[in-house]
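# Report on the structure
What follows is each chain in one-letter form.
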Amino acid sequence: MKPKAAFINERAENRLADAFDAATEAALREALEFPAETILPENFEQHRDYLAETEYLFATWGMPDLTEEQIRGYFPALKAVFYAAGSVQHFARPFLNCGVKVFSAWAANGVPVAEYTVAQIILAGKGFFQGLRRQEKEGRDAFYAYSDSFPCNYGTKVGILGAGMIGSLVLEMLKSYRFEALVYDPFASDEKLAALNARRATLEEIFSECQTISCHIANLPTTQKMLRYEHFSRMKKNATFINTGRGAQVVEEDLIRALREEPDRTALLDVTFPEPPEKDSPLWTMPNVFLTPHIAGSMNREIARMGSYMLEEFEAFTSGRPCRYEVSMKMLETMA
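The structure contained in this document is the topic of the report that follows. (Residues numbered from 1 in each chain as written. Predicted model: local features only at pLDDT ≥ 70, side-chain atom pairs only at ≥ 80, totals over all residues. Heavy atoms only, no water.)

### A word on helix α6 (residues 106-125)
- A rise of 1.5 Å per residue sets the reference length of α6, with its 20 residues, at 28 Å; its end C-alpha atoms lie 28 Å apart and thus fit the reference within 8%.
- Counting buried positions along α6 gives 16 out of 20 residues, so the element sits mostly inside the fold.
- Looking one or two places after α6, you find G127, whose phi comes out positive at around 70°. (Helix = DSSP H or I, 4+ residues; strand = E, 2+ residues; numbered from the N terminus. Expected span 1.5 Å × (residues − 1). Buried < 20%, exposed > 50% of the residue type's maximum accessible area, 1.4 Å probe, protein only.)

### A short note on the sheet that holds strand β10 (residues 266-269)
- Taken together, the 7 strands give an open sheet; going across it, the order is β7-β6-β5-β8-β9-β10-β11, and neighbouring strands pair in parallel fashion. The open sheet has two edge strands with one neighbour each: β7 (198-200) and β11 (289-291). In this sheet, adjacent strand axes meet at a mean angle of 20° when their direction is disregarded.
- Lying over the sheet, helix α9 (residues 165-174) contacts β5 (154-161), β6 (178-184) and β7, oriented at roughly 170° with respect to β5. (Pairing = 2+ DSSP bridges. Axes fitted to C-alpha atoms, helices over the stretch in contact; angles between N-to-C directions. Contact = heavy atoms within 4.5 Å.)

### Thoughts on helix α14 (residues 303-319)
- The end-to-end C-alpha separation of α14 is 25 Å, in line with the 24 Å expected for 17 residues at 1.5 Å each.
- Taken as a whole, α14 has its buried residues at I303, A304, M306, G307, Y309, M310, L311, E313, F314 and A316.

### Quick notes on the nonpolar core
- One finds F20, L28, F58, F75, F95 and M310 to be the most contacted residues of the largest nonpolar core, which totals 53 residues.
- Here this core takes 6 residues from α14, the largest share from any one element.
- Sequence-distant contacts of L28, defined by excluding residues within four places in its chain, comprise F7, F20, F34, F58, L311 and F314.
- L182, I206, L283 and M286 belong to the second-largest nonpolar core, a separate cluster that totals 26 residues. (Core = buried A, V, L, I, M, F, W, Y, C linked by side-chain atoms within 4.5 Å.)

### A short note on unusual backbone geometry
- The step from F273 to P274 runs through a cis peptide bond, and the omega angle for that step is 0°.
- Mapped onto the fold, P274 is located in the loop between β10 and β11.
- Even without a glycine there, the phi angle at C152 is positive, about 65°.
- Of note, C152 is situated in the loop between α8 (140-147) and β5.
- The phi dihedral of K225 is positive, around 60°, even though this residue is not glycine.
- Structurally, K225 is set in the loop between β8 (212-215) and α12 (229-232).
- The partly exposed category is assigned to K225, whose relative accessible area is 48%.

### Considering the pattern of salt bridges
- Applying the stated criterion to the full structure yields 20 salt bridges.
- As a salt-bridge pair, E68 and R72 come within 3.1 Å of each other at their nearest N and O atoms. Taken together, the residues span about one helical turn, with E68 and R72 both in helix α4 (residues 68-74) at a distance of 4 residues.
- Note on E68: relative accessible area 29%, which makes it partly exposed.
- A relative accessible area of 47% places R72 in the partly exposed class.
- The network of salt bridges with shared partners includes K157, E180, R199 and E209. (Salt bridge = Lys/Arg side-chain N within 4 Å of Asp/Glu carboxyl O.)

### Points about the packing of α6 against α9
- The N-to-C vectors of α6 and α9 enclose an angle of 50°; their axes lie 8 Å apart at closest approach. When the interaxial angle is binned, α6 and α9 end up oblique. Considering how the two elements wind past one another, α6 and α9 form a crossing that is right-handed. Along its contact with α6, which presents W106, A107, G110, V111, V113, A114, E115, T117, V118 and I121, the element α9 presents M165, I166, L169, V170, M173 and L174.
- Grouping the amino acids of the contact of α6 with α9 by side-chain chemistry returns 13 nonpolar, 2 polar and 1 charged. (Parallel < 35°, antiparallel > 145°, perpendicular 65-115°, else oblique. Left-handed = near helix turned anticlockwise from the far one by under 90°. Nonpolar A, V, L, I, M, F, W, Y, C, P; charged D, E, K, R; others polar.)

### Considerations on the sheet that holds strand β12 (residues 326-327)
- Strand order in the open sheet formed by 5 strands is β1-β2-β3-β4-β12, and the pairing between neighbours is mixed. Two strands in the sheet have a free side with no partner beyond their single neighbour: β1 (4-7) and β12.
- Bridge count between β1 and strand β2 (residues 54-59): 4 bridges; the pairing is parallel. Counted as the bridge partner of A5 is Y56 from β2.

### A few points about the side chain of R265
- By the secondary structure assignment, R265 is in the loop between α13 (252-261) and β10.
- Buried and unpaired, R265 has E261 as its nearest opposite-charge partner, separated by 4.7 Å.
- Setting aside residues up to four positions removed in sequence, R265 forms contacts with Q130, F232, S233, R234, M235, K236, K237, N238, A239, A258, L259 and N288. (Lys, Arg positive; Asp, Glu negative; His and termini not counted.)

### Some details on the packing of aromatic side chains
- Summed over the entire model, instances satisfying the criterion amount to 28 aromatic pairs.
- Between the aromatic rings of F82 and F103, the centroid separation amounts to 4.9 Å while the plane-to-plane angle is 5°, which identifies the pairing as stacked. Note that F82 is positioned in strand β3 (residues 80-83) and F103 in strand β4 (residues 101-104), a separation of 21 residues in sequence. Per residue, the accessibility class of F82 equals that of F103, and both read buried. (Phe/Tyr/Trp six-rings, centres within 6.5 Å; stacked < 30°, edge-to-face > 60°.)

### Some points on the environment of Y144
- Turning to its location among the elements, Y144 is positioned in helix α8.
- Through-space distance from the C-alpha of Y144 to that of L132 is 9.7 Å; in sequence the pair is 12 residues apart.

In structure tokens, the structure reads:
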């Protein structure tokens, strides 16, 4: 008899089929019994008997925030949650407190973010973003007049803020280039940074010395508003600040001030706080700010990678092999 499992979401309209594509779902159904419909908080009572025997939950964006009382009441046999998305901060603690293991596809979701970031770093090093905008208004010579001030991408200093999963992936990918990587991360060991061909630096050093700075700092109460005018005002005349992490780490009025003081500086912002910016925010109209609508993470076919990671993790867990993406309570103190 197959163990019982369920797909769970907070609402009927969801991304479960994107995360667990046909091949991944078929593999899961071969190993596990699933109910005919997705489990939602509104149908917990309807499925109470089934949920009482459910050992595994599979979810993606839209995972419900359940209380310990709900978990113990509806899911007394639950062993593990496999989350085919990134951050588990909003739901993991009650499960962990109930002795339920939590696994996350944060590494899979980090792949497109890292790819996106590296692409921006390379283009930023060429003066691509403002150069293209200036060419559109003033012609080809205006592009060259701007981009000729850049050192480009050979032996140039790049600053990475946060060497967690995504920051580490970025650094690993940057090994293919000839950058000098500086890293701010109080929690990263010297051995880890050495393996990533990076050296430790302070925020002040990174903002003063680096041509491009990319933010991957975890979104925690202790990190919010940590990047301020004292940092942005140190940026080189034509430096670029990239944020594909979370907007709450940035004091946006301070970033705006530094960008206004030196129009050759550039900000590439895939995230803001609030998101999107308020309608009257200068970020919408500043010529040296480039806003994208939070597209760095998994999109379209990339979403299926996250479900595939969770299938592999489920297979490792149930066969007694080492798991790679289990989340502990201690990890929640520093991870995104």
